[in-house]
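Here is what each chain is made of, one letter per residue.
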Amino acid sequence: MHVVIINGSPRVQKNSNTDKIIQSFGKGLQASGATYELYSLSNRQEWDAAREAFIGHDQIIFALPLFVECVPGIMLEFLESLPTERKSPAQLSFILHGGFDEGHQFRLGERFLQSLPEQFGCTYGGCLIQGGSFLIRFRDDEKMKETMTKKLDAYIKMGQSFVSNGHFMTEEARKFIGYEKNPWIVHLLFLIFIKRLVRKNFERFAQQWGCTRPLDDKPYLL
Amino acid sequence: MTIVLNTLEEGAVSGQISTLINGDMEVINTSDMKIAHCMGCNLCWLKTPGICAIKDDYEGILKKLVVAENLWLVSDTRFGFVDWRGKKVMDRIVPMLNMYVEFREGLERHEVRYHPLNFGLLYKGKADQDFLEEWSRRVASNMAGRSLGVIKMGEE
């Protein structure tokens, strides 16, 4: 199997969480004897080659972060530049992720992605979804590192699963999303404990970035 | 105050916008403005809170949104959804929220940086009305506001 993976994130590749997910997923593909080629839409220089690859291959995966409840504008722009008819059949699959960890946050984006393949004359290979990726970029203590390593390792397994099944329409891929909504106990813990901890983490990240203003600053209010 | 972001060609729809949206409004035609895609850099949340790292014409829009109650997007459609020109101006809305998270109506959300903002959509062309309504509700909910509706524009 040879897979074309297109990273639909606008963030530069070296900081892209989507790229880190793809790298792990790609390891899984290779471990199962498949090969892949990767294009990143954040780099306009790669658009022509990505388009050629989309046209010429039969196994295509778009990997993307959820942006304002759907596909990032930059990926929509790329999709508009693709031909809507094909000479040879292909399967279009998706890897969708985002900062929040609740599954329901991704359902509208998933619904849009489901509708795309047939508009390009492709079949749908399913959508692998998982949230909670904010810390992929920010892990700065041992516990976060451990959690995120585990998270990325799970994508290696899904790469292997993709090779053996040929798509994401499996029970294993369906369950990858986790909780649809956080259970009430998480809401309660969030209010009494987690909220403060999360705020402290964000403030620490901001400090590391040289931020000198409060995170809830209102710069344009007179 | 209502801000209307018109991503269609300037002038083509001004008559329809003023009949379909009521009240005190300012229409901003974005088609001739310099607006880049959000690059997801997170600087507006973690380095310069509320200020976008991209220095282009969107900063003027943000300055108007902080005193607006309602935001309408006027957009063409593609693949059953708003097209990339319409989505692009919504992707840049991120500085209106801040990094902190909370549960609002039982859902994980970012805090609004200024105040709630209602959201509505006027669209042109063939699209999935039901899908757009759900998108509009979700976009409004992210900004702690309500959906003002999704209206299909007539042919010119």
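The structure displayed is predicted, hence computed values, not measured ones. (Residues numbered from 1 in each chain as written. Chains lettered and ligands numbered in written order. Predicted model: local features only at pLDDT ≥ 70, side-chain atom pairs only at ≥ 80, totals over all residues.)

Here we look at the packing of helix α3 (residues 73-80) of chain A against helix α4 (residues 84-91) of chain B
Helix packing for two helices is described by the angle between their axes and how far apart those axes are.
Link 1 in the chain: At a minimum axis distance of 8 Å, the contact between α3(A) and α4(B) shows a crossing angle of 170 degrees. It follows from the interaxial angle that α3(A) and α4(B) lie roughly antiparallel. Between α3(A) and α4(B), the contacting residues are Gly73(A), Leu76(A), Glu77(A) and Glu80(A) on the first element and Trp84(B), Lys87(B), Lys88(B) and Asp91(B) on the second.
Link 2 in the chain: Classifying every residue of the contact of α3(A) with α4(B) by side-chain character gives two nonpolar, one polar and five charged. (Axes fitted to C-alpha atoms, helices over the stretch in contact; angles between N-to-C directions. Helix = DSSP H or I, 4+ residues; strand = E, 2+ residues; numbered from the N terminus. Parallel < 35°, antiparallel > 145°, perpendicular 65-115°, else oblique. Contact = placed C-beta atoms within 7 Å. Nonpolar A, V, L, I, M, F, W, Y, C, P; charged D, E, K, R; others polar.)

Thoughts on unusual backbone geometry
All names here are of chain A.
Link 1 in the chain: Phi angles above zero are rare outside glycine, and Val68 is one such case at about 45 degrees.
Link 2 in the chain: Relative to the elements of secondary structure, Val68 occurs in the loop between β3 (59-65) and α3.
Link 3 in the chain: Given 19 C-beta atoms within 10 Å, Val68 falls into the partly exposed group.
Link 4 in the chain: At Glu69, a residue that is not glycine, the phi angle is positive and equals roughly 70 degrees. (Buried ≥ 20, exposed ≤ 12 C-beta atoms within 10 Å, placed from the backbone.)

Overview of helix α4 (residues 107-119) of chain A
Link 1 in the chain: Of the positions making up α4(A), those classed as buried are Gly109(A), Phe112(A) and Leu113(A). Looking straight down α4(A), one finds its buried side chains confined to an arc of 100 degrees; they lie on one side.
Link 2 in the chain: Contacts made by the buried residues of α4(A) are with β4 (91-97) and β5 (123-130) of chain A together with β4 (81-82) of chain B.
Link 3 in the chain: Directly after α4(A), the chain includes Gly121(A), whose backbone phi takes a positive value near 70 degrees. (Arc of directions from axis to C-beta.)

Observations regarding the domain arrangement of chain A
By a frequent convention, interface size equals the accessible area lost on bringing the separate parts together.
Link 1 in the chain: Domain annotation of chain A identifies domain 1 (2-181) and domain 2 (182-222).
Link 2 in the chain: Relative to domain 2 of chain A, the C-alpha centre of domain 1 of chain A lies at a distance of 28 Å. (Domains from an automatic or database assignment.)

Observations concerning the sheet that holds strand β1 (residues 2-7) of chain A
Residue and element names in this part refer to chain A.
Link 1 in the chain: Strand order in the open sheet formed by five strands is β2-β1-β3-β4-β5, with parallel pairing between adjacent strands. Each edge of the sheet is formed by a strand with only one pairing partner; in this case those strands are β2 (35-40) and β5. Taken over all neighbouring pairs, the strand axes of this sheet differ in orientation by 20 degrees on average, direction set aside.
Link 2 in the chain: Pairing between β1 and β2: six bridges, direction parallel. In the strand pairing of β2, Ile5 is matched with Leu38.
Link 3 in the chain: Packed onto the sheet, helix α2 (residues 47-56) meets β1, β2 and β3 and runs at close to 140 degrees relative to β2. (Pairing = 2+ DSSP bridges.)

Points about the interface of chain B and chain A
Link 1 in the chain: With 38 residues of chain B at the interface, the matching set in chain A holds 42 residues.
Link 2 in the chain: Secondary structure elements with two or more residues in the side of chain B that touches chain A: α3 (58-65), α4, β5 (97-104), β6 (107-112) and α5 (129-142) of chain B.

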